[in-house]
Amino acid sequence: MSLVRSVLTKLNGPLRWLSGPKRYFLRQFERMLQRNIPTDHRITLNRKKLFIFPTAAGFGYIATIGLVWLVGTNYENNLALAMAYLMMSLFVVVIHHTHFNLSGLSIAFVQAKPTFEGEDAEVWLVAEPGRRVRENMVLRWPQGSETLVSLEPGEQARFAVYVKAHERGWFYPGRITVKSVYPLGIFRCWTHLDLGVQILTYPKPINAGPIPPAVGNNDEGKLHSLHGGEDFAGLKTYQLGDSLRHVAWKQYARGQGLHTKNFSAFLDSRHWLDWDLLAGLDTEARLSRLTYWALELEKTASDYGLRLPGVEIIPSRGKHHQDAVLKALALFGKSDEPASLTVKGEKR
Amino acid sequence: MSLSEQIPRNCFAWMLLALVAIILPHATHLPVWELVALTVALIWRVQLYRGVWRYPGLWAKVLLAVLSIAGLRLAYGRFLGLEPMVALLIISVILKLLEMNKRRDAFMVIYLGFFVTATQFLFHQNIFAAFYGFFCVLLLMTTLMALSRGPGVDDLRSGIPVAFKLMMQSLPVMLVLFLLFPRLGNLWAVPMPQHTAKTGVSDTMSPGDFSSLSRGGGRAFTATFEGEVPSARDLYWRGMVMDEFDGRTWSSRKWGFYPDGGMVEWNKASKNATSPTANQWRVNAEPIGRSVSYSIIMDPTHRSWLFALHLAESTHEDLGVSRNFTLRSLSPVAQRFQFDVVSYLDHKVESEPLPQWRYKQETALPDGYNPRTRALAQQWREEENSSEAVVDRFLAWVGSEFTYTLEPPLLGRNSVDEFLWQTQRGFCEHFASSFVVFMRAAGIPARVVSGYQGGELVEGFITVSQADAHAWAEVWFEGRGWVRVDPTAAVSPLRIESGINSVFERSVTNPLSMEAYRHISSLNWMRLQMEKLNYNWQRWVLNYDREQQYGMLSRWLGIVEAWKIGVLMLASVAGIVGIIALWMWWHGRPEPLSPGFQAFQRFAVKLKKVGIVREPGEGIRDFSRRAQDLLPDQAPEIQRIERLLQSVLYAEQSECLGPLREEVARFKVRSISAPITSR
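Quantities reported herein were computed from a predicted structural model and do not represent experimental measurements. (Residues numbered from 1 in each chain as written. Chains lettered and ligands numbered in written order. Predicted model: local features only at pLDDT ≥ 70, side-chain atom pairs only at ≥ 80, totals over all residues. Heavy atoms only, no water.)

> Where do I start with the overall build of chain A in this structure?
The secondary structure content of chain A amounts to 10 helices and 17 strands. Per-residue burial over chain A gives 48% buried out of 348 residues. For chain A, the share of sequence-separated contacts (at least 6 apart) that also reach a separation of at least 24 residues comes to 65%. (Helix = DSSP H or I, 4+ residues; strand = E, 2+ residues; numbered from the N terminus. Buried < 20%, exposed > 50% of the residue type's maximum accessible area, 1.4 Å probe, protein only. Contact = heavy atoms within 4.5 Å.)

> For this particular structure, what's the right way to read the overall build of chain B?
Broken down by element type, chain B carries 24 helices and 21 strands. Within chain B, contacts between residues at least 6 apart in sequence are counted, and of these 72% link residues at least 24 apart. As presented, chain B carries roughly 32700 Å² of accessible surface, and 59% of it is formed by carbon and sulfur atoms. (Areas by Shrake-Rupley, 256 points an atom, 1.4 Å probe, with all protein chains shown as cover.)

> Whenever I open this one, helix H11 (residues 371-383) of chain B confuses me. Can you help?
Residue pairs three or four apart in sequence face the same way in an α-helix, which turns once every 3.6 residues. Residues and elements named next belong to chain B. Helix length check: H11, at 13 residues, gives a terminal C-alpha distance of 19 Å against a target of 18 Å (1.5 Å per residue), a fit within 8%. By the burial criterion, the buried members of H11 are Thr-373, Leu-376, Ala-377 and Trp-380. On an axial view of H11, the arc spanned by its buried residues comes to 105°, and they lie on one face. Residues of H11 that are exposed and angled more than 90 degrees away from the buried face: Pro-371 and Glu-382. Looking at the packing, one finds that the buried side of H11 touches helix H12 (387-401), helix H13 (415-423) and helix H14 (428-441). (Expected span 1.5 Å × (residues − 1). Arc of directions from axis to C-beta.)

> Which parts of the structure should I look at to understand the environment of Ser158(B)?
Take Ser158(B): it is sitting in the loop between helix H6 (127-149) and helix H7 (159-180). Sequence separation between Ser158(B) and Thr142(B) is 16 residues, and the spatial gap between their C-alpha atoms is 9.2 Å.

> Can you walk me through the nonpolar core in this structure?
The tendency in soluble globular proteins is for nonpolar side chains to be buried as a group. Counting 102 residues, the largest nonpolar core has Tyr61(A), Phe114(B) and Met141(B) as the members making the most contacts within it. Sort the elements by how many residues they give to this core and helix H4 (residues 78-102) of chain A lands first, with 14 residues. Contacts of Met141(B), omitting those with residues within four sequence positions, involve Tyr61(A), Leu90(A), Leu184(A), Phe114(B), Ala163(B) and Met167(B). Core analysis: the next-biggest nonpolar cluster, separate from the first, contains 86 residues, Met240(B), Met298(B), Val391(B) and Phe435(B) among them. (Core = buried A, V, L, I, M, F, W, Y, C linked by side-chain atoms within 4.5 Å.)

> Explanation requested: the UniProt feature "transmembrane region" (unreviewed entry) in chain A in the structure shown.
Residues and elements named next belong to chain A. Per the UniProt record, "transmembrane region" (unreviewed entry) is found at residues 50-72 and 78-95. Helix makes up 74% of residues 50-72 and strand 17%, whereas the separation of the span's terminal C-alpha atoms amounts to 36 Å. As a span, residues 78-95 carries 100% helix and 0% strand, and end to end its C-alpha atoms are 26 Å apart. (UniProt positions renumbered as here; feature names shortened; annotations may be inferred.)

> Explain the environment of His124(B) to me, please; I cannot follow it from the model alone.
Residues and elements named next belong to chain B. Mapped onto the fold, His-124 is located in the loop between helix H5 (103-120) and H6. The exposure class of His-124 is partly exposed, given its relative accessible area of 31%. Placed 98 residues apart in sequence, His-124 and His-26 show a C-alpha to C-alpha distance of 9.4 Å. Looking at His-124, its side chain comes within polar contact range of the main-chain oxygen of Pro-25, at 3.2 Å. (Polar contact = N/O pair within 3.5 Å; in protein donor to acceptor, adjacent residues only side chain to side chain.)

> Could you clarify how one ought to interpret a nonpolar patch on the surface in this entry?
A contiguous nonpolar surface patch, about 480 Å² in accessible area, is contributed by Leu58(B), Trp59(B), Val62(B) and Val66(B). With respect to the element layout, Leu58(B) can be found in helix H3 (residues 58-76). (Patch = residues over 30% accessible without salt bridge, like charges linked within 9 Å, V, L, I, M, F, W, Y side chains within 5 Å. Salt bridge = Lys/Arg side-chain N within 4 Å of Asp/Glu carboxyl O.)

> Where do I start with the UniProt feature "transmembrane region" (unreviewed entry) in chain B in this structure?
Residue and element names in this part refer to chain B. Annotation from UniProt places "transmembrane region" (unreviewed entry) at residues 7-24, 58-76, 82-98, 105-123, 129-147, 159-181 and 562-586. Between the C-alpha atoms that bound residues 58-76 the distance is 27 Å, and the span itself is 100% helix and 0% strand. Structurally, residues 82-98 comprises 100% helix and 0% strand, and the distance from its first C-alpha atom to its last is 25 Å.

> Explain the packing of aromatic side chains here, please?
Any two aromatic rings considered together are summarised by their centre-to-centre distance and by the angle between their planes. The full count for this structure, using the stated rule, is 45 aromatic pairs over all chains. For the pair Tyr61(A) and Phe114(B), a centre-to-centre distance of 6.2 Å together with 90° between the ring planes defines the contact as edge-to-face. Of this pair, Tyr61(A) sits in helix H3 (residues 56-74) while Phe114(B) sits in helix H5, placing the two residues on different chains. Take Phe114(B): its relative accessible area is 0%, and that puts it in the buried class. Between Trp275(A) and Phe332(A), the aromatic rings sit 4.9 Å apart at their centres with planes inclined by 50°, giving tilted as the arrangement. You can see Trp275(A) sitting in the loop between strand S15 (271-274) and helix H8 (283-299) and its partner Phe332(A) sitting in the loop between helix H9 (319-331) and helix H10 (341-347), a full 57 residues away along the chain. The pair Trp275(A) / Phe332(A) is uniform in exposure class, with both members buried. Ring-pair connections join several aromatic residues into one group, and the members of that group are Trp380(B), Phe394(B), Trp397(B), Phe402(B), Phe419(B), Trp421(B), Phe431(B), Phe435(B) and Phe438(B). Positioned above the aromatic ring of Trp540(B) is the side chain of Arg539(B), whose terminal nitrogen or guanidinium carbon lies 5.3 Å from the ring centre. The positively charged end of Arg589(B) is found above the aromatic ring belonging to Trp586(B), 3.8 Å away from the centroid. (Phe/Tyr/Trp six-rings, centres within 6.5 Å; stacked < 30°, edge-to-face > 60°. Lys NZ or Arg CZ within 6 Å of the ring centre and 35° of its normal.)

> Please explain the sheet that holds strand S19 (residues 461-465) of chain B as it appears in this structure.
Paired through their backbone hydrogen bonds, the strands of a sheet run either parallel or antiparallel. All names here are of chain B. If you walk across this open sheet you meet the six strands as S10-S13-S8-S2-S19-S18, and the pairing is antiparallel. Lying at the two open borders of the sheet, with one neighbouring strand each, are strand S10 (312-313) and strand S18 (456-458). Here S10 pairs with strand S13 (residues 337-344) via two bridges, running antiparallel. For Glu-313, the partnering residue across the bridge sits in S13 and is Val-342. (Pairing = 2+ DSSP bridges.)

> Looking at this model, I keep getting lost on the sheet that holds strand S5 (residues 120-128) of chain A. Mind explaining?
Residues and elements named next belong to chain A. With antiparallel pairing, four strands are arranged side by side in an open sheet as S1-S3-S5-S8. Each having just a single partner strand, strand S1 (42-44) and strand S8 (157-164) make up the two edges of the open sheet. Shown here is a sheet whose adjacent strand axes are inclined to one another by a mean of 30°, direction ignored. Two elements, S5 and S8, share eight bridges in a ladder whose sense is antiparallel. Bridging from a neighbouring strand, Ala-127 pairs with Ala-157 of S8. (Axes fitted to C-alpha atoms, helices over the stretch in contact; angles between N-to-C directions.)

> Would you explain the interface of chain B and chain A in this entry?
Buried accessible area, meaning the area lost when the parts come together, often serves as the stated size of an interface. The partner chain A presents 49 residues to the 65 residues of chain B that form the contact. Where chain B abuts chain A, roughly 5100 Å² becomes buried across the two surfaces, and 69% of that area is made up of carbon and sulfur atoms. Of all residues in chain B, the largest losses of buried area upon contact with chain A belong to Tyr111(B), Leu166(B) and Met584(B), amounting jointly to 12% of the total for that side. Inspection of the chain B/chain A interface yields one salt bridge. For Glu135(A), the salt bridge is made with Arg149(B), and the minimal N-O distance between the two is 2.7 Å. For the pair chain B and chain A, the interface holds 16 residue pairs in polar contact (both at pLDDT 80 or more). Where the side of chain B that touches chain A is concerned, the elements lending two or more residues are H5, H6, H7, helix H18 (521-542) and helix H20 (562-587) of chain B. No other element matches H7(B), which puts 11 residues into the side of chain B that touches chain A. When its residues are assigned to classes, the side of chain B that touches chain A shows 43 nonpolar, 15 polar and seven charged. (Buried area = accessible area lost by both parts, 1.4 Å probe. Nonpolar A, V, L, I, M, F, W, Y, C, P; charged D, E, K, R; others polar.)

> Is there a simple way to think about unusual backbone geometry in this case?
Both trends apply: most residues other than glycine have a negative phi, and most peptide bonds are in trans. Omega for the peptide link from Tyr182(A) to Pro183(A) comes to 0°, which places this bond in the cis form. Of note, Pro183(A) is situated in the loop between strand S10 (176-180) and strand S11 (187-193). Its identity is not glycine, yet Phe325(B) carries a phi of approximately 65°, on the positive side. In this structure, Phe325(B) sits in the loop between strand S11 (319-322) and strand S12 (327-329). Judged by relative accessible area, Phe325(B) falls into the buried class, the value being 6%. At Gln424(B), a position not held by glycine, the phi torsion is positive, near 55°. Mapped onto the secondary structure, Gln424(B) falls in the loop between H13 and strand S16 (425-426). For Gln424(B), a relative accessible area of 17% puts it in the buried group.

What follows is the structure in structure tokens.
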């Protein structure tokens, strides 16, 4: 329960000695959640998965019923009493309206866009309301912002819920809270769902100064000398836009297809984002700076490669290449694949 | 201010509407400046919303609060009392409205609104007040809903059907609670409404009082008889006995010390008294035979005298009997009031010879008034040999020469002389007054009685209107005690036999009273229907109290015990709420699975029994592969099922559904080569 959680988080400071029990309760609560609401990409809410409790305004409402009842009782006034009973009755009936506003709703995880550490990740979900109108549902990750969703019956809705990714790698945003106080605001119905969301989180880009010069390796520098320009380096398939001056007409005449002669000068703009360039910094700082360079280089449309201990990506460019580089940076020293649903479930 | 702290636009609109609706019924007893304040606050609120004006500052708020307190003090002259307290409550809602700016404030205003709505029932309790109250609660619920729905819902009307549905669903449980929830009775003393406008028969009588009362119309009370209703000529509802005359006005003695006890004997006091200190005068009343039982429901009169047939007895704890044997209430009747009465229509009161001081009281007349009457009375006393003969002679005179009219001429200083010899036209109070003055002048003890006579029989109950207000006389005869004599009956027997409307077709001239339209049959029918509705409303709803609850429960449960009531209440509430929940579940029940998927589920259940559980998110293909690995013997079977499933679910080949069902039905895990320990 978020209530328990918020109370427990306030126990810091003078009551720090309670942090043992606090951690114990949180763990027990997590285990209870995992038992009742196991991880799944698609969860249909039902009685077992929903919590319901009066809000602060709900307690105000109860106090008001008490006052109206006192008026009715002290004046022996049946109409005031009837009004108090109507309000009591409404209180009981509203429990069901609040509950059924969420019960039967299905929520599924669609995709999470990769993001940079410290930025808001967009997590796309789909909600299926079933036969019922779903009013004023608020969805929120533990460290995210609120998203308000209302649905008409039978109308599937896709929407994004944002969460700050504060850890590099496959970031697990925790359980998403879905809550609703509809219709009167005197009851809150809520649940905490683990939709198995994993957000690929790149290191936070940090300005690392000028881009490392192209070609960091001396041997390669000799081979593909910058001034040579005309040294033949090989053939590649002709692509629209290649200069006709460089077409290998000899091969074309032999019926081997249209090729372009590749000269060493074209290879010279390769940049290596090398782990060793940043010796002296710690891992995260290095990764952040490499990420910054990768982004900058992609903008300047140059080829770049990545060298991390145990990882090498040969220079290239384009969206896919950039994604591969960033992913390698994100997952450096972390597990490669998102934890499988069940395994993760058991770990927790 | 975050988004969730803001008060939605919708909520403002509903709140302003709801506040106007809940303050309106209080308009009659609120000071005028408070209504002006409400209007100003509403305008201010709208301007605030439009961003034209600003919130009042701290000093402005202090000033407004001080002004309000001063205004209340000026308007009421006191702070204790129901009206000033309600006015204070309402002005605080209005002021709170001005400074409202967060959701919390809005909740506060709405909850205060519920409280104000409850107080309107202290002033109005008829069936329309109930409907209006329901309407007010509906508006407040809609406001509450608009508040919790947050921004984004722009359709102003969308809330009201939902709120109405919620309230209708709540009515059955409300009814159960109303009937079964324990009634505690008042927990502490509370101030009652104190209208300045008292209604009904007063405790003084001057010429012209009754005719104007009669013209006003309006219900005085209703009476429900057990058994037969006495005939109209016996329906003299006795209110006040007036035995002091100052030459123009009759009034009742309010204080004095008497050798035989106090003015009133209260039921409560006599119950609690340790020694029997009953007043001696109680023995003066002597019931003889015929008794009738009935109960009376009175509308508030803000006076303490009650109306009943002579000789009345009631055991209601808030009642007492005056020494003239009229019923009195401990405090002025400020709310609708019901009491049960037994009346002995045949009785003797003070049949023993009157002591000297009593005789003096009942024959006293002021000196210097009505000389001609006094002279004639003395003359008749000498001519006739009994009191009865004087009475009969007077009635015969009046009956032959006088006229009964709703518009009597005005009378001067010697009112009785002028009436008897000059105008000779009068309403009941003229006849009663001149009769009693005449008798007293003749040395015969006599007194004026005011109250109501007759009433309209509507389906088993009698409704008595202000138009039935009446004054008559009681004369003391030796050996018989006090005997009722109605001089009006001598002038207009029809008035007594069949009511005032048989004499004057349009006795009520008040255009606001439905009784003024008795001559229009459709309107009269409507009036009677409303009388019935109101009567039943009062009898079954407003008067449902602890005793009635107990009576009803003992009829249902036999012996009434707390646990039985608790069980009954909980069971009925749970039953009703269960039905509502079931109905709501039915409306949102999940769509049935497709037949193909149902078959797959049956298949998965069979595998689950041997420990092969489908993981969340695991596709049909992966699941089937895993099952084949774990059950190599049955791999072909599983594969067939998988292929059929694929074609039914994804290729939508419905002809494969039959074979799929058969395969799944036939499928049975034969043997497990090795126990499956891990999934």
